[in-house]
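Observations on chain architecture
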Amino acid sequence: MSNSSIIAEEETHFFGDVCKNFDYAAQFTNHEAGLLDQIKSCNSVYRFRFPIRKGNHFEVIDAWRIEHSQHQSPTKGGIRYSEMVNEDEVMALSALMTYKCAIVNVPFGGAKGGIKINPKNYTVAELENITRRYTVELIKKNFIGPSIDVPAPDYGSGEREMSWIADTYATMNPGQLDAMGCVTGKPLALHGIAGRREATGRGVAIATRECVNVAEDMEKLGLTPGLAGKKVIVQGLGNVGYHSAKFLAEFGATIVGLCEFEGAVYNENGLDVDSVFVHRKQTGSILGYPGAKEFKNSMEGLEQPCDILIPAALENQITQENAARIQAKIICEGANGPTTPEAEAIFYAKGGIIIPDMYANAGGVTVSYFEWLKNLSHVAFGRMSRRFEENSNQNLVNMVEGITGMSLSPTQRSTIIKGASELELVNSGLEDTMIRSYHEIRETWKNNPKIDTMRTAAFVGAINKIAVSYQNLGVWP
Ligand code: NAD
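As a further point, take the overall build of the chain. When its secondary structure is counted, the chain shows 17 helices and 12 strands. Compactness check: the chain gives a C-alpha radius of gyration of 23 Å against a globular reference of 23 Å for 477 residues, within 12% of the reference. The dimensions of the chain, computed from C-alpha atoms along their principal axes, are 75 × 55 × 55 Å. Residues classed as buried in the chain amount to 57% of the 477 residues present. Relative to all contacts within the chain whose residues are 6 or more apart in sequence, the contacts with residues 24 or more apart total 68%.

Next comes the structure, spelled out in structure tokens:
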């Protein structure tokens with residue numbers, strides 16, 4: 001039975017959309033149909049239910065863990081806590097993880113998890129109970145482990161949930177030296193890594209910056225190169241949206257619009273992201289922010305004047321219904337699957353560019369990879385080398401000063417001498433990954449005139465890399 005026939009017809013569109021994009025891109029590769037089918041299919045679908053006590057009664061929770069591809073081990077992907085979660089969505093997200101890891105050269109297969117709850121309806125104790133029980137169910141079926149499958153945060157989950165997962169796994173696997181590598185996105189104090197929390201948003205901002213820095217592409221869009229002064233609208237003020245907005249503003253862009261599910265605010269002169277964030281926290285709504293135009297229908301916020309739109313909430317936000325009204329010239333997909341294939345065609349026909357999700361939001365998995373490496377090596381990045389680097393630099397500066405008679409200011413001296421901290425190494429590795437991957441995708445796109453979108457180019461690159469993995473494994477001749 002094919003993957004798409006084991007789920008209800010009405011639920012198939014997201015995984016179907018990913019497969020549609022895959023099939024379209026596959027025509028620009030030379031692999032045989034069987035290999036392409038193997039790459040595209042979801043290998044393992046684990047659907048389960050478990051009861052939890054809520055007050056005086058029991059409630060049965062629906063949950064999934066789906067491993068899309070084991071061409072690399074472990075598999076990797078976040079766990080979504082949302083009442084909208086369904087099997088089709090988890091399949092689609094697990095497939096995107098496979099392609100995403102290949103694009104940014106992170107040696108993992110793709111996976112994804114889902115727990116069908118609205119976290120807001122549960123106490124912290126109940127959420128802990130649900131998360132720990134979910135983890136136990138994964139352990140029972142061998143769907144979690146540092147060399148098997150490594151979850152991470154996604155929509156509705158964060159560091160707190162990851163620490164419960166790590167603790168449950170370690171408790172049930174006493175003496176396992178690498179147990180903490182069973183999950184990433186953990187708090188820094190519990191074997192996490194500096195920079196993971198903001199990594200996806202930082203990556204989105206770097207992806208956008210790389211795109212607008214290419215003068216040739218900006219000329220075609222009628223934009224000047226560079227982020228300075230570019231007007232940006234961000235949808236979603238969660239982990240990805242908030243950090244994308246923060247870093248884009250830091251890189252020189254002007255955040256003119258912010259959209260949440262209860263509404264949107266817009267100010268063509270710019271919004272202070274932190275101040276909107278605090279306003280929402282204090283009042284419970286993004287609406288009512290002083291000095292901003294507001295829209296009770298959040299979707300209207302996406303259609304306001306801007307150069308760049310960052311959808312960073314959920315899938316299926318830009319559809320054939322609203323694509324023509326989007327005024328941005330560039331969409332950088334912070335969320336997974338925010339643009340439907342029909343909307344993408346409309347947007348490109350208008351002359352826009354879409355920086356695809358599987359590259360744009362890969363900063364999270366890139367830094368998760370660094371966290372996993374840290375957990376396996378049991379040493380923080382920079383710990384062995386920092387002091388040595390500083391001493392070497394100090395000797396060099398002393399020598400140059402002695403020979404030339406120059407004397408550096410204390411600031412110059414400390415800038416040159418300083419050894420790299422874990423955060424600096426993580427951010428540098430992330431930036432390097434995002435920059436290299438952008439230009440790899442762009443080269444594929446520009447070198448083949450038949451490849452019409454950046455998404456197709458990203459898929460072509462991913463398919464080719466995964467095909468090589470299968471060939472190296474000896475699974476395919
Ligand atoms: P999150 O739960 O931290 O934030 C999501 C935000 O979107 C929330 O503030 C929510 O209120 C808002 N939202 C929900 N529906 C909305 C709507 N209709 N309009 C406007 N805002 C709405 O989740 P996140 O981790 O930021 O994930 C967001 C997206 O990014 C998801 O698609 C996720 O799969 C993807 N993603 C996340 C990561 C990560 O590291 N967290 C990595 C890669 C991709």
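From this point, the discussion proceeds with the structure in view.
Moving on, we get to the packing of helix α1 (residues 13-26) against helix α2 (residues 33-40). It is at 11 Å that the axes of α1 and α2 come closest, and there the two elements cross at 150°. When the axis of α1 is compared with that of α2, the two are roughly antiparallel. For α1 against α2, the interelement crossing comes out right-handed. Contact residues: α1 offers F15, C19, F22, D23 and A26, while α2 offers L36, I39 and K40. Taken together, the residues that form the contact of α1 with α2 break down as six nonpolar, no polar and two charged.

The environment of the ligand is made up of 24 residues, and the closest members are R80, D154, T200, E260 and N336. Between an oxygen atom of the ligand and a main-chain N or O atom of G238, the distance comes to 3.5 Å. The contact in question runs from an oxygen atom of the ligand to an N or O atom on the side chain of N336, over 2.9 Å. Sorting the residues of the shell around the ligand by element identifies α6 (196-212), α8 (239-250) and β7 (254-260) as the ones contributing at least two each. Two domains each put at least three residues into the shell around the ligand: domain 1 (44-190) and domain 2 (199-360).

Looking now at the packing of aromatic side chains. Following the criterion strictly, the structure yields 14 aromatic pairs and no others. Here the aromatic rings of Y99 and F459 are separated by 5.1 Å at their centres, their planes lie at 55°, and the arrangement is tilted. Within this pair, whereas Y99 is found in helix α3 (residues 87-103), its partner F459 is found in helix α17 (residues 454-473), the two being separated by 360 residues in sequence. With relative accessibility at 1%, the residue Y99 sits in the buried group. A residue is classified by how much of its surface remains accessible, and F459, at 1% relative accessible area, is buried.

The next subject is α17. In this model α17 runs 29 Å from its N-terminal to its C-terminal C-alpha over 20 residues, within 8% of the 28 Å that 1.5 Å per residue would give. Just downstream of α17 lies G474, where phi reads positive at about 80°.

Let us look at the pattern of salt bridges. Inspection of every chain in the model, using the stated rule, returns 36 salt bridges. Where R80 meets E315, a salt bridge forms, and the shortest distance between an N and an O atom there is 2.9 Å. You can see R80 sitting in strand β3 (residues 75-81) and its partner E315 sitting in the loop between β10 (308-311) and β11 (330-332), a full 235 residues away along the chain. One salt bridge in this structure joins R436 and D432, with 2.9 Å as the shortest N-O distance. Placement of both R436 and D432 in helix α16 (residues 422-447) is noted, with a separation of four residues, approximately one turn of the helix. Given the relative accessible area of 56%, R436 is considered exposed.

The rules behind these values
- Residues numbered from 1 in each chain as written.
- Predicted model: local features only at pLDDT ≥ 70, side-chain atom pairs only at ≥ 80, totals over all residues.
- Heavy atoms only, no water.
- Helix = DSSP H or I, 4+ residues; strand = E, 2+ residues; numbered from the N terminus.
- Rg over C-alpha atoms; globule rule 2.2 N^0.38 Å.
- Buried < 20%, exposed > 50% of the residue type's maximum accessible area, 1.4 Å probe, protein only.
- Contact = heavy atoms within 4.5 Å.
- Axes fitted to C-alpha atoms, helices over the stretch in contact; angles between N-to-C directions.
- Parallel < 35°, antiparallel > 145°, perpendicular 65-115°, else oblique.
- Left-handed = near helix turned anticlockwise from the far one by under 90°.
- Nonpolar A, V, L, I, M, F, W, Y, C, P; charged D, E, K, R; others polar.
- Near = heavy atom within 4 Å.
- Polar contact = N/O pair within 3.5 Å; in protein donor to acceptor, adjacent residues only side chain to side chain.
- Domains from an automatic or database assignment.
- Phe/Tyr/Trp six-rings, centres within 6.5 Å; stacked < 30°, edge-to-face > 60°.
- Expected span 1.5 Å × (residues − 1).
- Salt bridge = Lys/Arg side-chain N within 4 Å of Asp/Glu carboxyl O.

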